[in-house]
Amino acid sequence: MRTSLWRLGLAALALHLVLIQPNHPDAMTWGALWLFPLELPVILLGLVVLPGQARWVLGLRALGVAVIMLIAVFKIADYATFTALSRSFNPVADLALIAAGARFATGAIGPALTLGGILAALAMLALVAWVLWWASGTWAELALPRRWARRLGILGGLCAGIAVAEIGQAMGRWSLPVVPPGAAFTARVGLERVLMVRDTLAGLQTFRIAAANDPYAGGDGWLRGIDRDVLVVFVESYGRTSLDTPFYAGTHRATLQAAEARLHALGLSMSSGLLRAPTRGGQSWLSHATFANGLWVADQISYTAVLRSGRRTLFHIAADAGFRTAAVMPQITLDWPESATMGFETVLAAADLGYAGKPFNWVTMPDQFTFAALDRLLRDDADDRPLLVQIATGSSHAPWVPVPALLPWESIGDGRVFNAMATAGDPPDQVWLDRERVREQYRQAIDYALRVVFDYAARHAADPPLIFVIGDHQAASFVALDERHDVPVHVIGPAELVAPTRDWGWRDGLVPDPEGEVRPMDAMRNLILESYSPRLDRTTLDTTR
């Protein structure tokens, strides 16, 4: 035996630690160290049985290390997406999240720390790969008599069979009469990724067919029941936790109830319900696309597919009905070529809104300035066509530091009045060291965003637009303290235009019924088209379904 026992033990321990690496925050406990990886004896026995210095064996070792490292990276990606989005990482659909995460980190902690973190992560991965290569080589150097090699090969095959059986049981393919002595977790993660890629590509084809077959795309007469501006306001990170989680509900319910009383006194009508969003913790554009297209757009692959499909969005259909369509997107700071396929006649990104004040870290401008710019640039101009405009708020976007204060509308000007607020308080890299402080900032930011929207509605109560106020998604789980994908939706406007929403099962006022039906967000486009097109010939629609 050319290799010492302590080196063999250390090498086995290194393989053990990589194989038991958790992929979910809840599994990151000391108890995870005691999980026995069923792949470990298969790997070790295989290395012992094979002739260690043969060229093809070296290639096999390199392939094995590469596969284990790839799965380890998937586990890290899973950990991040479970933390932020409450789901695993899809290697087909989620590649765009890597760049998005880097941009968010740059805005939250600065480019230097972000770059340092990326380089440190790459160095750590390189170190782990080297350790795996050393560990596999250490066991491959172990020389045993031929008769032992044959017996150990049989034992390795038996261990592989147990690992396969455990994987099948864990994935629900079959049930075993006995409990396996461990788990082949790493191999299962790898297999699940292969199946995920296969299913994603197959689902994409199905999605393309659904996108192309749209009974609402033809004909005219849509939205003839609306004679005024319509605002679709997506409130960033506004989720059901604001209604149900005590830490947030005490503040946010009070804001909703106060606004309801105020708006009712001004003659406005309101109704509210709950929607299920396709994402959580981020990727707001998936909710925007789901709402506008009437399709469940839950990942980047389906998002790309729907943009390329020629699908008629709510905004396309509204434009055909005589509306002027627009998007007010204060968080868009780069080119947005995708907007050309979404049905917007006008797109106002951050640079178009005229903000001359300082940014609020990642947030380009306060929500109140965004709504003031909406009036100045769109609603107060000479075009007498009604507007259908999508507004995506930004002040309640992470890192939620600092939170602006609501100002008199006439004092906003070019936004420089917000400069003192933009530099107030501790920076994000300090606040985000304490999760309780993060949650407190989130509570304040959502409250500010809601008060801006309701104050804007009150300001225009004399000639009110029809306003849909929708949470785009829940915040990340560690912030929201709620695992659901549910978000509130409120409709504010003249009584005759709010009335159709009651047929959707929604409750009067600004506080949704907690026991009410939670509709999927992709139902909204068709509900709006059907409910606000009272003179549409329904037989035309029925024959095209």
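Just so we're clear, the structure is a prediction, and the values are computed from it rather than from any experiment. Here the residue index of a chain counts from 1 through its sequence in written order. At least 70 in pLDDT is required for a residue's local features to be given in this predicted model, at least 80 for side-chain atom pairs to be given and counted, and no such filter applies to totals for whole chains, interfaces and linings, which use all residues. Neither water nor hydrogens contribute to the side-chain values; these are computed over all heavy atoms in the structure.

Turning next to the overall build of the chain. Only DSSP runs of H or I with at least four residues qualify as helices, and only runs of E with at least two residues qualify as strands; both kinds are numbered from the N terminus onward. The helix and strand inventory of the chain stands at 20 helices and nine strands. Overall, the chain is about 95 × 60 × 40 Å in size when its C-alpha atoms are taken along their principal axes. Considering the chain as a whole, with its 545 residues, one finds that 52% of them fall into the buried category. The long-range fraction of contacts in the chain, counting pairs at least 24 apart against all pairs at least 6 apart in sequence, stands at 76%. With residues, only the protein chains shown are counted as cover, and all accessible areas are computed by Shrake-Rupley using a 1.4 Å probe. As displayed, the chain offers around 24300 Å² of accessible surface, 62% of which is attributable to carbon and sulfur atoms. Averaging the locations of the 46 positively and 51 negatively charged side chains of the chain gives two centres separated by 11 Å. To sort residues, take the accessible area from a 1.4 Å probe on protein chains only and compare it with the maximum for the residue type: under 20% means buried, over 50% means exposed, and anything in between is partly exposed. The contact criterion used is simple: two residues touch if any of their non-hydrogen atoms lie within 4.5 Å. Charge counting follows a simple rule: Lys and Arg are positive, Asp and Glu are negative, and His as well as the terminal groups are ignored. In plain terms, the charge of a residue is placed at NZ if it is Lys, CZ if Arg, CG if Asp and CD if Glu.

Right, let's get into unusual backbone geometry. Cis geometry marks the peptide bond from alanine 398 to proline 399, where omega comes out at 15°. Along the polypeptide, proline 399 turns up in the loop between strand 5 (387–392) and helix 14 (419–422). In this chain, valine 401 is followed by proline 402 through a cis amide linkage whose omega measures -15°. In this fold, proline 402 is placed in the loop between strand 5 and helix 14. Phi is positive for asparagine 361, which is not a glycine, with a value near 60°.

A side-chain nitrogen of Lys or Arg and a carboxyl oxygen of Asp or Glu constitute a salt bridge if their distance falls within 4 Å. One pass over the full model with this rule turns up 26 salt bridges. For arginine 459, the salt bridge goes to aspartate 375, with nearest N and O atoms at 3.6 Å. Here arginine 459 is found in helix 16 (residues 435–459), whereas its partner aspartate 375 is found in helix 13 (residues 367–379), with 84 residues between them in sequence. One salt-bridge network, held together by shared partners, links Arg240, Asp244, Asp482, Arg484 and Asp486.

Within helix 13, eleven of the 13 residues are buried, which leaves the element mostly enclosed by the surrounding structure. Taken together, the buried positions of helix 13 are Asp367, Gln368, Phe369, Thr370, Phe371, Ala372, Ala373, Leu374, Asp375, Leu378 and Arg379. Among the structural elements, strand 1 (230–235), strand 3 (324–329), strand 4 (346–349), strand 5 and helix 16 are those in contact with the buried residues of helix 13.

The subject of this paragraph is the packing of aromatic side chains. We describe a pair of aromatic rings using the distance from one ring centre to the other and the angle between the two ring planes. Aromatic pairing here means that ring centres of Phe, Tyr or Trp (its six-membered ring) are within 6.5 Å. Orientation follows from the plane angle: under 30 degrees is stacked, over 60 is edge-to-face, and everything else is tilted. In total, this model carries eleven aromatic pairs according to the counting rule given. Look at tryptophan 400 and tryptophan 432: their rings are 5.8 Å apart centre to centre, the planes differ by 15°, and that puts the pair in the stacked class. Of this pair, tryptophan 400 sits in the loop between strand 5 and helix 14 while tryptophan 432 sits in the loop between helix 15 (428–431) and helix 16, placing them 32 residues apart in sequence. With relative accessibility at 5%, the residue tryptophan 400 sits in the buried group. Residue class for tryptophan 432 comes out partly exposed when judged on its relative accessible area of 29%. The rule is short: NZ of Lys or CZ of Arg within 6 Å of the ring centre and within 35 degrees of the ring normal puts a charge over the ring. The lysine or arginine in question, arginine 61, covers the ring of tryptophan 133, its NZ or CZ lying 3.7 Å from the ring centre. The lysine or arginine in question, arginine 443, covers the ring of phenylalanine 247, its NZ or CZ lying 4.2 Å from the ring centre.

This part takes up the nonpolar core. Judged by nonpolar contacts, the single largest core of 64 residues is most densely connected at Leu263, Phe371, Leu374, Phe454 and Ile492. The element contributing the most residues to this core is helix 16, with 13 residues. Residue contacts for leucine 374: discarding those within four places in its chain leaves Leu231, Val328, Arg379, Val389, Ile391 and Tyr456. By size, the runner-up hydrophobic cluster in this structure holds 50 residues, among which are Leu286, Ala292, Phe323 and Phe468. By nonpolar core we mean a set of buried residues, namely Ala, Val, Leu, Ile, Met, Phe, Trp, Tyr and Cys, connected to one another through side-chain atoms within 4.5 Å.

This brings us to the environment of tryptophan 174. Tracing the backbone shows tryptophan 174 in the loop between helix 6 (146–170) and helix 7 (185–212). In this structure tryptophan 174 touches Val164, Ala165, Gly168 and Gln169, once residues within four positions along its chain are discounted.

Let us look at the confidence of the model for the chain. Known as pLDDT, the predictor's confidence for each residue is given on a scale from 0 to 100. Considering every residue of the chain, the mean pLDDT works out to 87; 94% of them sit at 70 or more. Mean pLDDT across the elements of the chain ranges from a minimum in helix 20 (residues 538–544), with 42, to a maximum in strand 6 (residues 466–471), with 97. Low pLDDT, under 50, characterises residues 537–545; the predicted model gives this stretch ten contacts beyond four residues in sequence or across chains.

All right, on to helix 1 (residues 5–19) then. With 15 residues, helix 1 should cover 21 Å at 1.5 Å per step; its first-to-last C-alpha distance of 21 Å lies within 8% of that length. All of the buried residues in helix 1 are Leu8, Ala11, Ala12, Ala14, Leu15, His16, Val18 and Leu19. Given the number of residues in a helix, its expected span is that number minus one, multiplied by 1.5 Å.

Counting buried positions along strand 7 (residues 486–493) gives eight out of eight residues, so the element sits mostly inside the fold. Both faces of strand 7 are covered, namely the face carrying Asp486, Pro488, His490 and Ile492 and the face carrying Val487, Val489, Val491 and Gly493. Pairing between strands is defined by DSSP: at least two bridges between them are needed. As paired strands, strand 2 (residues 269–276) and strand 7 are joined by eight bridges and run antiparallel to one another. Looking across to strand 7, one finds that leucine 274 is bridged to proline 488. Bridge count for strand 6 against strand 7 is four bridges, and the pairing is antiparallel. Residue isoleucine 467 lies in a different strand from strand 7, and its bridge partner there is isoleucine 492.

Checked against the element boundaries, threonine 393 lands in the loop between strand 5 and helix 14. Whenever two N or O atoms come within 3.5 Å, that pair is a polar contact, provided that in protein one can donate a hydrogen and the other can accept it, and provided that, for residues adjacent in sequence, both atoms are side-chain atoms. Here glutamate 236 takes part through its backbone nitrogen, which lies 3.1 Å from a polar atom of the side chain of threonine 393. Here threonine 393 is in contact with Val233, Phe234, Val235, Glu236, Asp367 and Phe371, once residues within four sequence places are set aside.

We now examine the side chain of serine 269. For serine 269, the position within the fold is in strand 2. Filtering out sequence-adjacent residues up to four positions away, serine 269 remains in contact with Val491, Ile492, Gly493, Pro494, Ala495, Val498 and Arg502.

Let's shift gears to a nonpolar patch on the surface. In this analysis, a patch consists of residues with relative accessible area above 30% that form no salt bridge, clustered at 9 Å for like charges and at 5 Å for the nonpolar side chains Val, Leu, Ile, Met, Phe, Trp and Tyr. Together, Trp6, Leu10, Leu13, Leu17, Trp30, Leu33 and Trp34 make up an exposed nonpolar region whose accessible area comes to about 920 Å². Checked against the element boundaries, tryptophan 30 lands in the loop between helix 1 and helix 2 (39–49).

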